[in-house]
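Structural overview
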Amino acid sequence: MKVHADRDVCIQSGNCVMCADNLFDQDDDGIVVVLVDDIPADEEDKAREAVRFCPSQALTIVD
Ligand code: SF4
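Residues numbered from 1 in each chain as written. Predicted model: local features only at pLDDT ≥ 70, side-chain atom pairs only at ≥ 80, totals over all residues. Heavy atoms only, no water.

1. Some words on the pairing of strand β1 (residues 2-5)
Residues of β1 alternate between two faces, with V3 and A5 buried on one and K2 and H4 left unburied on the opposite face. Examined bridge by bridge, β1 and strand β4 (residues 59-62) share 4 bridges and lie antiparallel to one another. For K2, the partnering residue across the bridge sits in β4 and is V62. (Buried < 20%, exposed > 50% of the residue type's maximum accessible area, 1.4 Å probe, protein only. Helix = DSSP H or I, 4+ residues; strand = E, 2+ residues; numbered from the N terminus. Pairing = 2+ DSSP bridges.)

This is the structure in structure tokens:
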């Protein structure tokens, strides 16, 4: 599983980092950075939670 981040849509809320700080970070402008290309199976639930709680729908699961 992969997560695509649309950095043009991100509104810098940081929810994804709060859900999974090992999978997501924010750059100096607060815009999301996906840290992991292939999400490990045991991290998929956290990744899905981050996608669900992103207020701007910037994150998309790509299988
Ligand atoms: S939760 Fe969404 S809007 Fe907030 S920093 Fe992450 S990707 Fe950006």
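Moving on from the model shown.
2. Notes on the side chain of S56
Residue placement: S56 occurs in the loop between α2 (44-53) and β4. A distance of 3.3 Å separates a polar side-chain atom of S56 from the backbone oxygen of V9. Beyond its immediate sequence surroundings of up to four residues, S56 is in contact with V9, C10 and I11. (Polar contact = N/O pair within 3.5 Å; in protein donor to acceptor, adjacent residues only side chain to side chain. Contact = heavy atoms within 4.5 Å.)

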